[in-house]
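Chain and residue survey
Take a look at the letters that make up each chain.
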Amino acid sequence: MTETGNRVVARDNGHVCNDCGVKIKIGEEYFYYIRRNKKKEVVNYCYCVECKKKPEHNRKSYDYEGIMHNLYHTPLFKHEFQEKYSIPNSRKSNELLRRIQSNGYAIKIFRWSTRTRSGTIRKREEYRQGHQPNQFIIYYLEGTENKVVGRLLDEFDFDHIKWRDLLGSLYGKKIPIAMMNKDTIKQFAEQNAFK
């Protein structure tokens, strides 16, 4: 859906606020919107200045710098990101991340999914749907992959993750075979952290 909106001054008495029903008088300011839906149908909206101040008539704005700061310190799983910023669904969170990335911010999305013919590997009752050691999405800042590893170690049981495959995908390079325990994985992550 596309939307355009303008604050204008009434030149005639033909406008009525869609919210409160008050007639806009000549010379008064009001907000006029034209929306086009997917079927290319045009819908017009008119709001008086007072009604436009209501939260439901204001587009939510996000502090990109604040989001960057938070993700620098703590990478967030998809559901955590949506809860923290009150985002209702995946489509909206994806749109927000694309907008942030298009403004030059180095936010990365790491999608991890290891599946078999019978479904998710090692599916455990203690993990929620879409948030398991072999199926998750996490948002982080480029160069803070070591913090992603830390979050994964804190969140999931160590032996539930195929670490060599996961780290190879996260870092984009081959991982030494000798990495078999938490200490060697932490050491590898810290050695490959952005300094």
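See the structure above.
Quantities reported herein were computed from a predicted structural model and do not represent experimental measurements.

**As for helix 2 (residues 64-73)**
- Along helix 2, the residues classified as buried are Tyr64, Ile67, Met68 and Leu71. Down the axis, helix 2 shows its buried residues gathered within 100° of arc, on one side only.
- On its buried side, helix 2 packs onto strand 4 (76-77), helix 3 (78-84), helix 4 (90-102), strand 5 (107-113) and strand 8 (135-141).
- Where helix 2 starts, the residue carrying a side-chain oxygen 3.3 Å from the main-chain nitrogen of Glu65 turns out to be Asp63.

**So, the nonpolar core**
- Phe110, Phe136, Val149, Leu152, Trp163, Leu166 and Leu167 are the most contacted members of the largest nonpolar core, which has 22 residues in total.
- Elements represented by at least two residues in this core include exactly strand 5, strand 8, helix 5 (145-155), helix 6 (163-171) and helix 7 (182-191).
- Element by element, the count of residues in this core is highest for helix 6, at five residues.
- Beyond its immediate stretch of four places on either side in the chain, Leu166 contacts Phe110, Trp112, Phe136, Leu152 and Ile161.
- One finds Tyr85, Leu96, Leu97 and Ile100 within the second-largest nonpolar core, a separate group that totals 14 residues.

**Describing the packing of aromatic side chains**
- For the structure shown, the criterion picks out 11 aromatic pairs.
- On the basis of an interplanar angle of 15° and a centroid distance of 6.2 Å, the ring pair of Phe110 and Trp112 is categorised as stacked.
- A residue is classified by how much of its surface remains accessible, and Trp112, at 11% relative accessible area, is buried.
- On the basis of an interplanar angle of 55° and a centroid distance of 6.0 Å, the ring pair of Phe110 and Phe136 is categorised as tilted. Of this pair, Phe110 sits in strand 5 while Phe136 sits in strand 8; the two residues are 26 residues apart in sequence, bridging distant segments of the chain. Both residues of the pair, Phe110 and Phe136, belong to the buried class.
- Counting every residue linked through ring pairs, the aromatic cluster contains Phe77, Phe110, Trp112, Phe136 and Phe156.

Conventions used here
- Residues numbered from 1 in each chain as written.
- Predicted model: local features only at pLDDT ≥ 70, side-chain atom pairs only at ≥ 80, totals over all residues.
- Heavy atoms only, no water.
- Buried < 20%, exposed > 50% of the residue type's maximum accessible area, 1.4 Å probe, protein only.
- Helix = DSSP H or I, 4+ residues; strand = E, 2+ residues; numbered from the N terminus.
- Arc of directions from axis to C-beta.
- Contact = heavy atoms within 4.5 Å.
- Polar contact = N/O pair within 3.5 Å; in protein donor to acceptor, adjacent residues only side chain to side chain.
- Core = buried A, V, L, I, M, F, W, Y, C linked by side-chain atoms within 4.5 Å.
- Phe/Tyr/Trp six-rings, centres within 6.5 Å; stacked < 30°, edge-to-face > 60°.

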